[in-house]
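Chain and residue survey
So the chains spell out like this:
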Amino acid sequence: MKDVSILKNRLINEQCRILIIQTAFIGDVILMTSLIRAVRNHFPKSIITALTLPGSAPIIQNQVDSVIKFDKHDKQNRRKNWDETLRRVKDSQFDLALIPHRSFRSGLLASKAGIPTRIGFSRGSGSIFHTIKVKYPKNLYEGERNLRLLDPLSIIECSGLPHLVPSESDNQTVSDIHMKLSLNAGKYAVIAPGSIWFTKRWPADYYAELVTTFQEKANLNTLVVGGKEDQLLGNDVQINKEFNLSGKLSLMESAALIRDSAFLIAGDSAPSHLATAMGSRQIIIFGSTSPKFGFAPDTENAKIIEAKNLWCRPCTNHGRRQCPLWTKFRCMREITPNDIFRHVEAWI
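Below, the structure is looked at part by part. Owing to the predicted nature of the structure, the values given are computational and were not obtained by experimental measurement.

1. Quick look at the overall build of the chain
- Secondary structure summary: the chain contains 14 helices and 11 strands in total.
- The C-alpha atoms of the chain give a radius of gyration of 21 Å, which matches the 20 Å a tight globule of 348 residues would have.
- Expressed as lengths along the three principal axes of its C-alpha atoms, the size of the chain is roughly 65 × 45 × 45 Å.
- Counting all 348 residues of the chain, 54% fall into the buried class.
- Restricting the contact set of the chain to residue pairs at least 6 apart, pairs at least 24 apart contribute 60%.
- Accessible surface for the chain amounts to roughly 16300 Å². Of this, 48% is attributable to carbon and sulfur atoms.
- In the chain, 46 side chains carry a positive charge and 33 a negative one; their mean positions are 7 Å apart.

2. Description of helix H8 (residues 168-181)
- In a regular helix each residue adds 1.5 Å, so 14 residues correspond to 20 Å; H8 covers 20 Å between its end C-alpha atoms and thus fits that length.
- Looking at H8, one finds that the buried residues are Asp170, Val174, Ile177, His178 and Leu181. Buried residues in H8, looked at end-on, bunch into an arc of 100 degrees, giving them a common side. Along H8, exposed side chains directed more than 90 degrees from the buried face belong to Glu168, Met179 and Lys180.
- Tucked into the core, H8 has its buried residues touching strand S7 (188-192), strand S8 (221-224) and helix H11 (251-259).
- Of the residues flanking the end of H8, it is Ser182, one or two places downstream, whose phi is positive at about 55 degrees.

3. Overview of the packing of aromatic side chains
- Per the counting criterion, the structure on display carries 9 aromatic pairs.
- Relative to Phe341, the ring of Phe214 lies with its centre 6.1 Å away and its plane at 40 degrees, an arrangement referred to as tilted. Pair noted here: Phe214 is in helix H9 (residues 204-218) and Phe341 is in helix H14 (residues 337-344), with a separation of 127 residues, a long-range link. In terms of burial, Phe214 and Phe341 fall into one category: buried.
- A centroid spacing of 5.9 Å and a plane angle of 45 degrees characterise the contact between Phe263 and Trp347, whose relative ring orientation is tilted. Of this pair, Phe263 sits in strand S9 (residues 263-267) while Trp347 sits in the segment after H14, and the two are 84 residues apart along the sequence.

4. Details of the environment of Glu334
- Mapped onto the elements of the fold, Glu334 is located in the loop between helix H13 (330-333) and H14.
- Given a relative accessible area of 39%, Glu334 falls into the partly exposed group.
- The contact partners of Glu334, leaving out residues within four places of it in the chain, are Ala307, Leu310 and Asp339.
- Side-chain polar atoms of Glu334 contact the side chain of Arg330, separated by 2.6 Å.

5. Observations concerning the packing of H11 against helix H12 (residues 270-278)
- It is the contact of H11 with H12, at a shortest axis distance of 9 Å, that shows an interaxial angle of 60 degrees. Viewed along their axes, H11 and H12 adopt a mutual orientation that is oblique. You can see that H11 and H12 cross each other, and the crossing is right-handed. Each of Leu251, Ser254, Ala255, Ile258 and Arg259 in H11 lies in contact with H12, whose residues at this interface are Pro271, Leu274, Ala275 and Met278.
- For the contact of H11 with H12, the residue count by class is 7 nonpolar, 1 polar and 1 charged.

6. Remarks on the side chain of Thr289
- With respect to the element layout, Thr289 can be found in the loop between strand S10 (282-286) and strand S11 (302-306).
- Among all residues touching Thr289, those that are not within four sequence positions of it are Lys200, Asp268, Arg313, Pro314, Thr316, Asn317, His318 and Gly319.

7. Looking at the environment of Arg313
- Here Arg313 is to be found in the loop between S11 and H13.
- Residue classification places Arg313 among the buried residues on the basis of a relative accessible area of 14%.
- Residues in contact with Arg313, not counting those within four places in the same chain, are Phe286, Gly287, Thr289, Ser290, Pro291, Glu306, Ala307 and Cys331.
- Only 2.7 Å separates the side chain of Arg313 from the backbone oxygen of Thr289, close enough to count as a polar contact.

8. As for the sheet that holds strand S2 (residues 47-52)
- What the 6 strands build is an open sheet, ordered S3-S2-S1-S4-S5-S6; its pairing is parallel. Each edge of the open sheet carries a strand with a single partner, namely strand S3 (66-69) and strand S6 (132-134). The average undirected angle you get between the axes of adjacent strands in this sheet is 20 degrees.
- Where S2 lies against S3, 4 bridges are found, and the strand directions are parallel. By the bridge assignment for S3, Ala50 is matched with Val67.
- Packed onto the sheet, helix H5 (residues 78-92) meets strand S1 (17-21), S2 and S3 and runs at close to 150 degrees relative to S3.
- Here helix H6 (residues 104-112) sits on the sheet in contact with S1, S2, strand S4 (96-99) and strand S5 (117-121), set at roughly 180 degrees to S4.

Definitions and cut-offs
- Residues numbered from 1 in each chain as written.
- Predicted model: local features only at pLDDT ≥ 70, side-chain atom pairs only at ≥ 80, totals over all residues.
- Heavy atoms only, no water.
- Helix = DSSP H or I, 4+ residues; strand = E, 2+ residues; numbered from the N terminus.
- Rg over C-alpha atoms; globule rule 2.2 N^0.38 Å.
- Buried < 20%, exposed > 50% of the residue type's maximum accessible area, 1.4 Å probe, protein only.
- Contact = heavy atoms within 4.5 Å.
- Areas by Shrake-Rupley, 256 points an atom, 1.4 Å probe, with all protein chains shown as cover.
- Lys, Arg positive; Asp, Glu negative; His and termini not counted.
- Charge placed at Lys NZ, Arg CZ, Asp CG, Glu CD.
- Expected span 1.5 Å × (residues − 1).
- Arc of directions from axis to C-beta.
- Phe/Tyr/Trp six-rings, centres within 6.5 Å; stacked < 30°, edge-to-face > 60°.
- Polar contact = N/O pair within 3.5 Å; in protein donor to acceptor, adjacent residues only side chain to side chain.
- Axes fitted to C-alpha atoms, helices over the stretch in contact; angles between N-to-C directions.
- Parallel < 35°, antiparallel > 145°, perpendicular 65-115°, else oblique.
- Left-handed = near helix turned anticlockwise from the far one by under 90°.
- Nonpolar A, V, L, I, M, F, W, Y, C, P; charged D, E, K, R; others polar.
- Pairing = 2+ DSSP bridges.

Structure, rendered in structure tokens:
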């Protein structure tokens with residue numbers, strides 16, 4: 001503990017180099033921003049670098065001093081990317097690594113780079129490489145959970161909610177969309193029907209019915225957001241193709257759009273974390289996963305919708321490619337469009 005005390009004093013009084021590693025999903029990187037903010041607030045002299053996937057870098061690049069991009073999914077250049085990333089981390093001579101990502105690879109990278117103090121959770125295959133292991137609190141919100149990595153160094157007085165700051169360019173893009181589609185801020189809904197996991201997607205026909213209900217009962221237009229892979233799904237749920245913005249916006253532009261909407265409707269996926277980071281009202285629909293895993297915010301702006309008392313859920317902590325009960329998919333299909341409309345009616 002003497003070494004920790006010395007490091008803590010150095011972090012407060014000197015310009016130390018801190019590396020934060022998170023190469024999981026985009027949502028995990030969004031939820032890591034509470035940790036970045038806490039490090040910045042408590043150790044303002046430190047130089048903060050984030051190591052993440054190339055697609056996640058824009059989310060945090062304006063919150064850290066530098067970003068190291070590691071493309072672990074590029075199978076053809078996997079060894080080359082690993083060697084280059086390891087060299088960059090070694091050359092940076094970091095004093096401390098904070099590792100919310102619990103993977104073997106993340107822990108190994110920090111260890112092989114020779115970072116002297118490596119703080120991560122005691123749970124996960126990467127824990128064998130940590131010099132300080134923090135107990136993993138299972139039922140805590142992920143943003144709060146990540147802050148626990150600072151417990152050995154400081155008393156943390158910081159919100160665990162994520163925080164994003166869209167640029168002027170992001171805001172201008174949203175203003176241009178408002179003008180092009182004749183929309184006013186706060187007078188339209190946003191839905192994000194996609195997910196890489198089938199069991200995290202509320203059915204497309206339910207989304208389509210809800211979009212029609214919004215238009216007919218409330219004269220409310222609905223915009224669709226998502227990645228390029230969600231464009232066909234977006235066309236299925238929104239007849240007006242101009243309102244399907246899937247694949248047309250960056251993550252930060254999507255965040256700005258959600259901020260200016262009346263509310264978001266999404267599953268347990270990255271857009272819901274964007275809404276949390278922007279302080280927006282939202283409905284989060286949980287299917288095969290559960291809020292108790294720590295990925296749903298406990299805020300007045302978030303309403304959690306889930307099918308109660310189903311013996312089969314949660315059936316996974318990530319998601320599945322298909323329902324294991326031969327297409328019954330009760331956890332999602334038992335939540336009807338009318339159920340969702342009742343929950344958002346007061347927001348319209």
